[in-house]
Structures are given as structure tokens and as C-alpha cells.
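Residues per chain, in single letters:
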Amino acid sequence: KRGGTDRALQHFPEHFLKGIALSVWQNSSDTSSNWTEFAQRKNYFGQGAYKDAFLKANDFWTEYENDIKLMKDLGATSFRFSFEWARFAPEGPGSVDPSAVAKFHQILDCCEANGLEPCATLFHFTLPQWFEALGGFAVEENLPLFVDYCTLVFQHYGHRIRLWATMNEPTCFAFVGYICGIWAPGKFLRLTEAGTVLCNLLKAHCAVYRALKKLPGGSGACIGLVHQHIMFEPRDNWWHIRAMCKWMTFWFGTNVVLDFFKTGTFTWASPFSSLAKTLHVDDGIKAGELVVDWWGVNYYSRPVVHWNFAMGASSANERVTDTNFRLHPQGLYDSIKDASALGVPIYITETGLADAKDQHREHFIRSHYSMLLKAIHDGFDVRGVFFWTLMDNIEWHEGFRVKFGLYRWDPEYAAHHAGSNGRPPHGLELRKGALALKEVHTTWPDDLQSIRSYAAAHHHQDSNAAAAKCGNTPGVKQQLSLTAVAVVGGSDGGGG
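Residues numbered from 1 in each chain as written. Predicted model: local features only at pLDDT ≥ 70, side-chain atom pairs only at ≥ 80, totals over all residues. Heavy atoms only, no water.

### Quick word on the packing of aromatic side chains
Here's step 1: Under the counting rule described, the total for this entry stands at 57 aromatic pairs.
Here's step 2: Measuring from centroid to centroid gives 4.6 Å for F54 and F400, while their planes differ by 50 degrees, and the two rings are tilted. Of this pair, F54 sits in helix α4 (residues 51–54) while F400 sits in the loop between β13 (382–388) and α17 (411–416), and the two are 346 residues apart along the sequence.
Here's step 3: Assessed through its relative accessible area of 4%, F400 is described here as buried.
Here's step 4: Aromatic side chains F83 and F104 sit 4.8 Å apart centroid to centroid with 55 degrees between the ring planes, which places their arrangement in the tilted category. Here F104 lies in helix α7 (residues 98–113) and F83 lies in the loop between β2 (78–82) and α6 (85–88), a separation of 21 residues in the sequence. Both residues of the pair, F83 and F104, belong to the buried class.
Here's step 5: Over the face of the ring belonging to W61 we find R87, whose NZ or CZ atom lies 3.9 Å from the ring centre.
Here's step 6: Seen from the ring of F12, R383 lies directly overhead, with NZ or CZ sitting 5.1 Å from the centre. (Phe/Tyr/Trp six-rings, centres within 6.5 Å; stacked < 30°, edge-to-face > 60°. Helix = DSSP H or I, 4+ residues; strand = E, 2+ residues; numbered from the N terminus. Buried < 20%, exposed > 50% of the residue type's maximum accessible area, 1.4 Å probe, protein only. Lys NZ or Arg CZ within 6 Å of the ring centre and 35° of its normal.)

Structure follows, in C-alpha cells:
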């Protein structure tokens, strides 16, 4: 509501969205993106035996009709997915692949046929390799190319999609790709460059927002940004862990990005510089201009770091995921509260866990969705939630090792059954814990007013039910000893 923006011009979905999210590259791969090149350069992250599986993953690109039907069967009413720049323009700026344009129309046709509200992300970590070769987002002069791509996509699909995100987790892209070096483009300890990249991504968001709003239909489009809300906490009072958690929290940028959208000022720092440096001031935002219509919260955990740089539980009875993230539903509530300072509607665009043995999925769903009800009951303007993710896929640098899927998908089966896309004739297996999500989808009301009334009546009840159904018995505590830089960079812990 800042800046006098007339929200009547915007056409937010009238329903509370109960969705499932995925990125198309993670579930389809491609032939011309930075991540495909990076996977090849890194010998498929030590999983070369699954080289063929890396070429198309579980093949959502072909199987999208079946996969969207699976979402509907789980009671979903919305589908968050990514457009892929490398598929639209594989050959360079100005090129357009008509088959990609047609395929995304077919995906949207399928969403409509199954009653799923689409939520589209324009940039989900993957870029055309030709853009990476130009320096990517590290070079400010490249930003108009990104704006042109986003404009092209909106011109094709703007009349079919109400919810748009310019980008997914820009802080993770900068941190894991330029400080940890384990994501594309694979640069290590480039602390200053990481700040430049993140700053340019936020500039790109503002440029895209303003450009799309000027297009036919743009004034009514709901354009947001998806941000990972993550903070690191020391397990004990060791000075070196306190310092590391402080800098990890800063570089992952939860507050850096929120402050930018509140003040227009982007500030960056490193432990080797005594002063924080202002890299950019957006005078439009400082004057009260709104450059985001809604805010996407990606929340997985608030990781705890131990004295030996290992992540794990904060106490003996706390559950821990396969990526050593503790289950901490209170952090979801706190993230919603932090995001509410922007004064725009909030969507939980990702929440989920890595849990190959399906030990904690039901507990995660019940406890976190109950906390979401509490936030709605307390008056926060949350309008939907998307679970990450439909089925196992390429989990970035982890390859096929980490399992976030509601459905099991096995690259081993794909490797031994040519042409199967890793899908058995009888269909994919739904993990038992996923039934808790189906229960949520089918019992929670669809319209916004009713979900608020439901939250008032059920948030305590659902919390008690979560404890009763799942108990408090933790899984085996897991830790991963790593270097100070790689401990939390070894994985961002989240799926998206």
C-alpha cells in the first residue's frame, strides 16, 4: 500500500492457493543452460553413472500432463513452475525457439484443464550459457538482456497468468555460486563479486517490474519476488561459530534484501572490510514507490551450527533432515512476520524437506502448516502455500542424492529401463508422509475469508493433532563436518 498504489488494478487470485512447486530445469534439464554446462564440467557431481538421467531428469518436459494430474490428485489448486530462458533463446539474444513457446502454452492449457492456478517464476537459477559467457549478472550492462527476455515471456503469457515472480532466491544464487563455488558459475570466495551480483539481481528485478507494468495487461499483473528466509544460529557460545553464523546470515541476505525493498538502499560487507559499502540506492523506492506486489517466502529451516562447523539439531529430541537442517516450524512464523513489514500479500512459495526414508515428512507438513494457520489467525496476509516438491529430481550440486519429492523417482530405474523416464509402468510411488499434505489440501477452505475463519478455529487444534499423530521422537541425529565456508554452503538445505 506504499506510494499510493491502487491495488484495485491488480488481479490477485481470489482463493487461498494450496500448491506444489517445481523448477522445470531440475525436472527436465536442457541442452544449453549454464547449469547443464556446469553439471558436465563437474562430471555430474560424482554421479556420472547417471549421465543420461542428467540429460532430462524425470522429464517433466514430456510428462507434464501426468505430473500436473498428480498434483490435482493430491488436492492442489495451484502450480508454481519456472520459465526457462535457455529454452526460449538457446542460440543467443534475439533468438526464439517456437517449440518452447508452444510447450509452455501446452503446460498452461493443462493447468487450466486441471483447475490449477499458475504461478510463474522467470528466473530460477538457470541462464542461457551464452548469457553466462557474457559475464551473467556480474556485469550490469547485461541486465537489459534479462529485461528483454522477461518482456518476451510476458507478451506471450501475460494474459494467462496472474502471479509472476521475477526471480527465485537471488541471495542463494549469489552466495552458493560466488562464495561457496559449488553452484554455477562455480566461483569461490568472491565476496565482493557476490555482492555485485546480488545488487545487480535486485536492479534487474526493479527494471523488469517497471517494464512489465508498462505492457498491455501489466498494470493488473501481480509481480513479486521469491526470497529465501534463512538465519543461522550457533549451537553453543563458541566465538568462531558466532562469527560464522553472523556472516552466513548476512551473506544469505534475508535482511539485506528486505532492507532494500523497504529503503531502496543496498549495502554489502565482508569480514575483510571494516565498513559496509552502499552499492546502490534506488531513489524511486526511497520516495515510496512500490516495486513488488507480493512477497514469496521460501522457508526450510533456521539451521543450527555446532562447534565443529557441523549442522544438526539444537537439542537431543529435535528432528533433522537429510541435509542436516532441523525441523523448526517457529522459523516459518518468524519469516512471515519479517516479510509482513513490506505491507504486501505473502505467499509461502516453498517449504519442504529432504527425507529419503520418509521419516519426518508427515511431521514436517503437520507442524509447519499448523504454524501457517497460526500466522493467518494472527492477522498476517498470507494467501497461499506451495510445497517443495512433486517428485525427486536434480537437486542442483547434490544431483540425485537428495530426495525432496512427494513421489519417489529413481535414476537407477531410469538407467536400466531405456525410454521409461524413470517411471515404472504401474506409476510412481507416493511417499506415505505425503498423505498429510493431501489431507491439508482437501480439508482447508479455498477462499480467503474462509481460510481466516478456519485458522481462528483450528490452529491450536491442528498443532495438537500434529504432535499426537507424529509424536516427538526424532530421527537419528545427523551432522556433516565441513569447512567453515562449506558447512552451510555445501547445500543451501532447501530444495528450490
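### Section: the sheet that holds strand β10 (residues 304–305)
Here's step 1: Taken together, the 3 strands give an open sheet; going across it, the order is β6-β10-β11, and neighbouring strands pair in mixed fashion. A single partner strand is all that each edge strand has here, and the edge strands are β6 (233–234) and β11 (311–312).
Here's step 2: Across 2 bridges, the pairing between β10 and β11 is antiparallel. In the strand pairing of β11, V305 is matched with M311. (Pairing = 2+ DSSP bridges.)

### Details of helix α13 (residues 254–263)
Here's step 1: Taken residue by residue, α13 has T254, V256, V257, L258, F260 and F261 as its buried positions.
Here's step 2: Directly after α13, the chain includes G264, whose backbone phi takes a positive value near 85 degrees.

### Quick look at unusual backbone geometry
Here's step 1: Cis rather than trans, the peptide bond between A184 and P185 has omega equal to 5 degrees.
Here's step 2: For P185, the position within the fold is in the loop between α10 (170–180) and α11 (191–213).
Here's step 3: A cis geometry characterises the amide bond from W388 onward to T389, with omega recorded as 5 degrees.
Here's step 4: Its place among the elements puts T389 in the loop between β13 and α17.
Here's step 5: Positive phi, close to 65 degrees, is recorded for D59, a residue that is not glycine.
Here's step 6: Positive phi values are uncommon outside glycine, yet F125 reaches one of about 75 degrees.

### Re the pairing of β2
Here's step 1: Burial runs high along β2: 5 of the 5 residues are buried.
Here's step 2: Going residue by residue along β2, you find S78, R80 and S82 tucked away on one face and F79 and F81 tucked away on the opposite face as well.
Here's step 3: The pairing of strand β1 (residues 17–21) with β2 spans 3 bridges and is parallel. Along β2, the bridge assignment pairs G19 with S78.
Here's step 4: Alignment of β2 against strand β3 (residues 117–121), held across 5 bridges, turns out to be parallel. What sits directly across from F79, in β3, is P118.

Fair warning: the whole summary comes from geometry, so function is off the table for now.
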